Amino acid sequence: MKNSLLTTGLNGLVGSRFALDFGEQYEFDNLDLRDEQQPTDITKYNQVLKRFQESAAKHVIHLAAYTDVTGAWQQTDDKNGLAYQVNVVGTENIVKAAEETNKHLIYVSTAYVFDGVKSALYTEEDAPNPIEWYGKTKWLAEEIVSQADTAWTTLRIDQPFRSDEFEKVDTVHRIINGIKDGSLYPQFTNHYFGPTYVNDFDKVLDFIVRTNTTGLFHASSGESWTDYDFAKLINDTLNLGGEIKEGDLEAYLASSERPYQRNTAMSTEKLEKVLDFEQKTIEEAIGDVKL
């Protein structure tokens, strides 16, 4: 018999891969506004609570989020905007319903809660200091989760990508498409991030559910890459034969109004100490990518 699992965002980039990989283990009960049978708006508490009360699931994985960083920036300080409503109000409702029904909440957050000024890998001990609205809404949601009167786990990821193509183009497939059609703009040599391999992150989600592990964890690759080196890796590993040009983040920032973190790479040392499997390196993960 499959274990029941409450979810939000199961149709997204990360969630749909999780459903694909773990469909044999779990019976998914997804809260989605587009569900024809039971449309559920997570910004409406009564709708959320009803679904939680009807579910026998002991865990809820909260993936749903407004993730358009530029779109969020255009909504800065607007609490009626979609970014705040989905990321903060939606999470608040999920937390309250989890408390009411005594469910373990697993919340997926982002490296964008950091300001990006640290040169080394960010750890769970580093204080968040978001510099744009998307990061701020996710940090406000993290704060709500951390004060929950129920078991909770927060997992931060950065620039997720998967082995297969998806309707929402991830960071790897965007680069692949750009190399193939010659539209790839110069890649920053002085911007650092820590890509997250979704096929492995799915296993992290399963691990948290299986073991009831709680607390805050960085769940990316634990590696640091520049945009330029990452694009070169993709080009070389997948034999795309493109030309990767060097770009300068500082020059870009001089002409951009939207703030941009210089570094979002995170250490996964804390997570690695508890995991019962080994995540793939980014080089191995890129080798898995299907063209």
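Every chain's residues receive numbers from 1 upward, in the order its sequence appears when written. It should be noted that, the model being predicted, local features are given only for residues of pLDDT at least 70 and side-chain atom pairs only at 80 or more, the latter also being counted only at that level, while totals for whole chains, interfaces and linings use all residues. By convention in this description, side-chain values take in all heavy atoms of the structure and omit both hydrogens and water.

Caption draft 1: Region of interest: the overall build of the protein chain. A run of H or I in DSSP becomes a helix once it reaches four residues, and a run of E becomes a strand once it reaches two; helices and strands are each numbered from the N terminus. A tally of regular secondary structure across the protein chain gives 11 helices and 12 strands. We compute the radius of gyration from the C-alpha atoms alone; for a globule the expected value is 2.2 Å times N to the 0.38, where N is the number of residues. Since a compact globule built from 291 residues should have a radius of gyration of about 19 Å, the 19 Å found for the protein chain is in line with a globular shape. With respect to the principal axes defined by its C-alpha atoms, the protein chain has extents near 55 × 40 × 40 Å. The proportion of buried residues among the 291 residues of the protein chain is 54%. Only protein chains enter the accessibility calculation, which uses a 1.4 Å probe; a residue whose area is less than 20% of its type maximum is buried, one above 50% is exposed, and one in between is partly exposed.

Caption draft 2: Quick look at the sheet that holds strand β10 (residues 215-218). What the six strands build is an open sheet, ordered β2-β1-β3-β4-β5-β10; its pairing is parallel. For this open sheet the edge positions go to β2 (26-31) and β10, each flanked by a neighbour on one side alone. Pairs of neighbouring strands in the sheet enclose a mean axial angle of 20°, with direction left out of account. Judged from the four bridges that link them, strand β5 (residues 152-157) and β10 form a sheet pairing that is parallel. In the strand pairing of β10, Thr-154 is matched with Leu-216. Should DSSP find at least two bridges between two strands, the strands are taken to pair. For every element, the axis is a line fit to its C-alpha atoms; helices are fit only across the contacting stretch, and the angle between N-to-C directions ranges from 0 to 180 degrees.

Caption draft 3: The arrangement of the pattern of salt bridges in detail. Each reported salt bridge corresponds to a side-chain nitrogen of Lys or Arg within 4 Å of a carboxyl oxygen of Asp or Glu. Within this structure, the stated rule accounts for 14 salt bridges. The partner of Arg-17 in a salt bridge is Asp-21, with the nearest N and O atoms 2.7 Å apart. With a gap of four residues between them, Arg-17 and Asp-21 both fall in helix α1 (residues 13-21), about one helical turn apart.

Caption draft 4: Up close: the pairing of strand β3 (residues 59-62). Burial of β3 is two-sided: the residues His-59 and Ile-61 facing one way and the residues Val-60 and His-62 facing the other way are all buried. Two elements, strand β1 (residues 3-8) and β3, share three bridges in a ladder whose sense is parallel. Each residue of the ladder has a partner; that of Thr-8, found in β3, is His-62. As defined by bridge partners, β3 adjoins strand β4 (residues 104-110) across four bridges and the pair is classed as parallel. Directly across from His-62, in β4, lies its bridge partner Tyr-107.

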